[in-house]
Structures are given as C-alpha cells and as structure tokens.
Amino acid sequence: MTVKHLSTSDLAEKMENHEKTLILDVRNTDDFDEWKMEGGQVEVINEPYFNLLDDIRSLDGKLEKNQEVVVVCAKGNSSQMVAEMLDEEGYEDVYSLEGGMQAWGEHLER
C-alpha cells in the first residue's frame, strides 16, 4: 500500500471543520516544544523520528491501527519515512504532511 499525502490546505480545512485529527509530530522535542500544531479537535503526539528508526514499538498504545494519523516533520522527508513504516505495520489510514512544518508555516488562509 502507498502512503497518502495531505496538503496544508486539506489539513487546515480539517482543523477549521473541527474534525478529530491525530498528528504524529516526529521532529525532535526541542523543535516541537518551540512550535506545534494546536486546535480544538487536534491531538498531537511527539515522538522524534530517531526513536522510531529501528522500529515503531514506542508508539504502542498511543495509536490505533484503524485511526487516521497525519505524520508531520520539519520538511516532509522524515514524515514520509515514518508513515511508510506505519503502513508496513498495518496502520490503515496514514498521511504524510506535504512539506512538513515548513509548508505549514508558509500556509495562508483567506
């Protein structure tokens, strides 16, 4: 199965519509603590990607295999890798945010 991508516009729309959204932010904790996505129905889990390089067991109990997960990193590369790992482990609805937090920071809404 292929990992799906989510644009910043689509993510912003989900947040504006108060859709329940789980974001797995795989940036290092210092960057996460400095700036993260927040909103009414947004749940954010920070698990640095380097903790997931060997396996994703550190996520056990934090994610359910049938829930939608949006993986976010700084620029989109690490999130793609982690999303592929989740997909390989049977997670059904995984997205990688296109362009990561860099693209999110540049996203403008009318």
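Now for a quick tour of the structure. Every chain is numbered on its own, with residues counted from 1 as its sequence reads. The predicted nature of this model means local features are confined to residues of pLDDT at least 70 and side-chain atom pairs, given and counted, to a pLDDT of 80 or more, with totals for whole chains, interfaces and linings taken over all residues. Working from all heavy atoms in the structure, the side-chain values ignore hydrogens and water.

## A look at unusual backbone geometry
Logical step 1: With a phi angle near 55°, His 18 is a residue other than glycine that sits in the positive phi range.
Logical step 2: Secondary structure follows DSSP: runs of H or I at least 4 residues long count as helices, runs of E at least 2 residues long count as strands, and numbering of each begins at the N terminus. Summarising the element assignment, His 18 is placed in the loop between α1 (8-16) and β2 (21-25).

## Topic: the side chain of Ser 78
Logical step 1: Of note, Ser 78 is situated in helix α3 (residues 77-88).
Logical step 2: Buried, partly exposed and exposed residues are distinguished by accessible area as a fraction of the type maximum, computed with a 1.4 Å probe on protein chains only: under 20%, between the cut-offs, and over 50%, respectively. Ser 78 sits in the buried class, given a relative accessible area of 19%.
Logical step 3: With sequence-adjacent residues up to four places away left out, Ser 78 is seen in contact with Val 26, Tyr 49 and Cys 73. Contacts were defined at the residue level, with two residues in contact if any of their heavy atoms lie within 4.5 Å.

## Remarks on the pairing of strand β4 (residues 68-72)
Logical step 1: For β4, a buried count of 4 out of 5 residues is recorded, marking the element as mostly surrounded by other parts of the structure.
Logical step 2: Strands were regarded as paired on the criterion that DSSP finds at least two bridges between them. Relative to β4, β2 runs parallel, the two being bridged by 3 bridges. The residue of β4 that forms the bridge with Ile 23 is Val 70.
Logical step 3: Note: β4 against strand β5 (residues 93-97), 4 bridges, orientation parallel. Residue pairing for β5: Glu 68 is matched across the bridge by Asp 93.
Logical step 4: Call a crossover right-handed when, viewed with both strands pointing away from you, the route from the first strand across the helix to the second goes clockwise. For the handedness criterion, the β-α-β arrangement of β4, α3 and β5 is classed as right-handed.

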